[in-house]
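Residue-level structure breakdown
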Amino acid sequence: IAAMIGGLGFAGVASAGTAYYNAAGVAVPANGKPGGAALPIADTLTPTTTGVGHILVVPYYSTQDGNVSLLNIVNTDLTNGKAVKLRYRGAANSDDVFDITVLMSPGDVWSANVSQANGVSTLVTNDKTCTLPANVNAAFTGARANNDDSQTLEGYIEILNMADIPATLATDETGALSTVANSLYTAIKHVNGVAKCETIASQLLDVVDPAI
């Protein structure tokens, strides 16, 4: 994933980090049973110079003095969808002032702008990419900053690639990929510029196995 932010008199890309993998593996439980595919373990995080990575940090946003901060997130993967955590953090104490999940198609671009309304930063987007919650047009909150909404007016942004969303599911106990369509991928995949999105919340709950 990659990100770019722009504002009045400021434009730049995020600082990016990429997770690198060692040769070891870990057994992944399948259907709550022992065993499963051996998946590589990420054990190193290395800064990149390209602005593309698994973890992105945008060093500054501001809605003070009439500033508007514009954000674009790009899924540079043309095969898999992405579950991306987006957090805005206040400048004073890194308080979490806005927190959503963006579910991106392969090659997708998600755009939003943040401006000040009634003394608090507010995000607005008309993008057709799926998100949790479904409607993310909302004011930030200073609840974690002693209920001081002025703490939402400047800070930095964290963008985390939480998971790939492949087109097909791993359905057997070895973790081998099958031809069974991944319903979450189908829901987030844009068709004629629009993603379905309707059943995403329930699909995400379905993948949590209480036996694990």
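Below, the structure is looked at part by part. (Residues numbered from 1 in each chain as written. Predicted model: local features only at pLDDT ≥ 70, side-chain atom pairs only at ≥ 80, totals over all residues. Heavy atoms only, no water.)

Moving on: unusual backbone geometry. With omega at 0°, the peptide bond leading from Leu132 into Pro133 counts as cis. For Pro133, the position within the fold is in the loop between strand 11 (130-132) and strand 12 (138-139). Backbone geometry at Ser94 places phi at a positive 60°, although glycine is not the residue there. You can see Ser94 is positioned in the loop between strand 7 (81-90) and strand 8 (96-104). (Helix = DSSP H or I, 4+ residues; strand = E, 2+ residues; numbered from the N terminus.)

Here the focus is the packing of aromatic side chains. Counted under the stated rule, the structure contains five aromatic pairs. Here the aromatic rings of Tyr88 and Phe98 are separated by 6.1 Å at their centres, their planes lie at 75°, and the arrangement is edge-to-face. Pair noted here: Tyr88 is in strand 7 and Phe98 is in strand 8, with a separation of 10 residues, a long-range link. Residue Tyr88 is classed as buried on the basis of its relative accessible area of 1%. With a relative accessible area of 8%, Phe98 lands in the buried category. Look at Tyr88 and Phe140: their rings are 4.9 Å apart centre to centre, the planes differ by 50°, and that puts the pair in the tilted class. Highlighted residues: Tyr88 in strand 7 and Phe140 in the loop between strand 12 and strand 13 (154-165), separated in sequence by 52 residues. Aromatic rings pair up to connect Tyr61, Tyr88, Phe98 and Phe140 into one cluster. (Phe/Tyr/Trp six-rings, centres within 6.5 Å; stacked < 30°, edge-to-face > 60°. Buried < 20%, exposed > 50% of the residue type's maximum accessible area, 1.4 Å probe, protein only.)

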